[in-house]
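Summary of structural features
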Amino acid sequence: MATDLVIGFFTLTALEIVLGIDNLVFISILAGKLPVDQQDRARKLGIGLALFARLALLGSITWIMALTEPLFTLFGHGFSGQSLILLIGGLFLIGKATYEIHESLEGEEDHAGSKVRAAFGAVIVQIVALDIIFSLDSVITAVGMIGDKPGGIWVMVAAVVIAVIVMLVAAGPLSRFVNAHPTIKMLALAFLLLIGTTLVADGLGFHVPKGYIYAAMGFSLFVEVLNIVARKRRAAAKPVKLASRYAEHQEDAAAGDGEGTS
């Protein structure tokens, strides 16, 4: 049993870090709407709220387990509290990602040409909503892996805390990277659409293995990083000029002709 908990701890920690980085990317995108002097505070507050939400949900693990009981049946499918939360959360993510993509590509600007800044409170409310959705997905994943094993609650708490520490360390560099590369931001919003779609599918009873989702996301990110590296190399490279004495003679002759006709 101890071996199962150790293996579960490392596996769950890796999954929590992946979910945490996803959460952090979207926190960075939302915080990027704020003035520069408020962005770091918004990111740290968002990460703190994410930790609080995860620990609060883990503390109510009995309630989480009870959410799987069907509440009603519609079109032959039983809807539980968990499926309704996943369905609503997925629709929220899809709507939010669509709005952010539209705003990034066709959003309004003020008269000075700089982007209109959002209010701090409005951004925090959106971060809290995202935190709740990602935290619920995180806790459901943890409960599904560890279950009600003796000492399992502490394994889940440790995995969540480590994931949040990774989020805190990666917050600044990841935010700067996302803000410096618009294509990464668009890719992250596309990931948000994908995650929202999978949550809706889960809510409707169509389970999509997370391994496929994160493999596709990882491959897309890898390809985009290669594109960024290639663009930097092309920008830094100097064009190669081949030496040719015939070309020099032609240039001299052309110069001579120009002088003769002047």
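Above: the structure in question.
Structural notes, computed from the coordinates. (Residues numbered from 1 in each chain as written. Predicted model: local features only at pLDDT ≥ 70, side-chain atom pairs only at ≥ 80, totals over all residues. Heavy atoms only, no water.)

From N to C terminus, the protein includes nine helices and two strands. Starting at the N terminus and ending at the C terminus, the protein contains elements arranged as α-α-α-β-β-α-α-α-α-α-α. Out of the 262 residues belonging to the protein, those deemed buried represent 37%. At a minimum sequence separation of 6, the contacts of the protein that also span at least 24 residues come to 81%. Total accessible area computed for the protein in this model is approximately 15100 Å², and 68% of it derives from carbon and sulfur atoms. (Helix = DSSP H or I, 4+ residues; strand = E, 2+ residues; numbered from the N terminus. Buried < 20%, exposed > 50% of the residue type's maximum accessible area, 1.4 Å probe, protein only. Contact = heavy atoms within 4.5 Å. Areas by Shrake-Rupley, 256 points an atom, 1.4 Å probe, with all protein chains shown as cover.)

Okay, the nonpolar core next. By size, the foremost hydrophobic cluster in this structure holds 48 residues, and its most contacted members are F26, I29, L93 and F134. Elements with a minimum of two residues in this core: α1 (2-31), α2 (36-59), α4 (81-106), α5 (120-146), α6 (152-180), α7 (182-203) and α8 (210-236). Broken down by element, the residue count for this core peaks at ten residues, all from α5. Discounting residues that sit within four places of it in the chain, F26 has contacts with L130, F134, A188, L189 and L192. (Core = buried A, V, L, I, M, F, W, Y, C linked by side-chain atoms within 4.5 Å.)

Glancing now at α6. An α-helix turns once per 3.6 residues; consequently, residues spaced three or four apart project the same way. In this model, α6 (29 residues) spans 41 Å end to end at C-alpha, consistent with the 42 Å of a helix rising 1.5 Å per residue. At A171, α6 is bent by approximately 50°, the largest bend along its length, and proline P173 sits one to four residues beyond. (Expected span 1.5 Å × (residues − 1). Bend = angle between axes of the 7 residues up to and from the residue.)

This paragraph deals with the layout of surface pockets. Considered as a void within the structure, the second largest pocket measures approximately 300 Å³ in volume. Together, 16 residues line the second largest pocket, and I21, D22, V25, F191 and L221 are the ones closest to its centre. Within the residue set of the lining of the second largest pocket, elements represented by two or more residues are α1, α6, α7 and α8. When residues in the lining of the second largest pocket are grouped by element, the largest group, five residues, is from α1. In terms of residue class, the lining of the second largest pocket is built from 14 nonpolar, one polar and one charged. (1 Å grid on protein atoms, 1.4 Å probe; cavity = no way out; pocket = protein on both sides within 12 Å on 5 of 7 lines; lining within 4 Å. Points joined across faces, edges and corners; volume = space filled by probe spheres on them. Nonpolar A, V, L, I, M, F, W, Y, C, P; charged D, E, K, R; others polar.)

Before going further, it helps to spend a moment on the packing of aromatic side chains. Summed over the entire model, instances satisfying the criterion amount to zero aromatic pairs. The ring of F120 carries the charged tip of R41 above its face, separated from the ring centre by 4.3 Å. (Phe/Tyr/Trp six-rings, centres within 6.5 Å; stacked < 30°, edge-to-face > 60°. Lys NZ or Arg CZ within 6 Å of the ring centre and 35° of its normal.)

The next point concerns empty space enclosed by the protein. Inspection of the entire model under this criterion finds two cavities of 30 Å³ or more. Size it by volume and the largest cavity reaches roughly 90 Å³. In terms of lining residues, the largest cavity is bounded by D137, I195, T198, L199, D202, V208, K210, I213 and Y214. If you list the elements that add at least two residues to the lining of the largest cavity, you get α7 and α8. Tallying contributions element by element places α7 first for the lining of the largest cavity, with four residues. For the lining of the largest cavity, the per-class residue count stands at five nonpolar, one polar and three charged.

Moving on, we get to the packing of α2 against α6. At a minimum axis separation of 10 Å, α2 and α6 run at an interaxial angle of 160°. Accordingly, the angle class assigned to the pair α2 and α6 is roughly antiparallel. The interaxial crossing formed by α2 with α6 has right-handed handedness. Residue-level inspection shows Q39, R43, K44, I47, A50, L51, R54, L55 and L58 of α2 in contact with α6, the latter providing I153, M156, V157, V160, V161, V164, M167, L168, A171, G172, S175 and N179. The residue inventory of the contact of α2 with α6, partitioned by class, reads 14 nonpolar, four polar and three charged. (Axes fitted to C-alpha atoms, helices over the stretch in contact; angles between N-to-C directions. Parallel < 35°, antiparallel > 145°, perpendicular 65-115°, else oblique. Left-handed = near helix turned anticlockwise from the far one by under 90°.)

A separate point is the packing of α7 against α8. The geometry of α7 relative to α8 is characterised by a closest axis approach of 11 Å and an angle of 170° between their N-to-C directions. The angle between α7 and α8 places the two elements in the roughly antiparallel class. Touching T183, I184, L187, F191, L194, I195 and T198 of α7 are I213, M217, S220, L221, E224, I228 and R231, all from α8. Split into classes, the residues belonging to the contact of α7 with α8 amount to nine nonpolar, three polar and two charged.

A word on α4. Given a rise of 1.5 Å per residue, 26 residues ought to cover 38 Å, and the 37 Å separating the end C-alpha atoms of α4 matches this to within 8%. Among all positions in α4, only G81, Q82, S83, L86, L87, G89, G90, L93, K96, A97 and E100 are buried.

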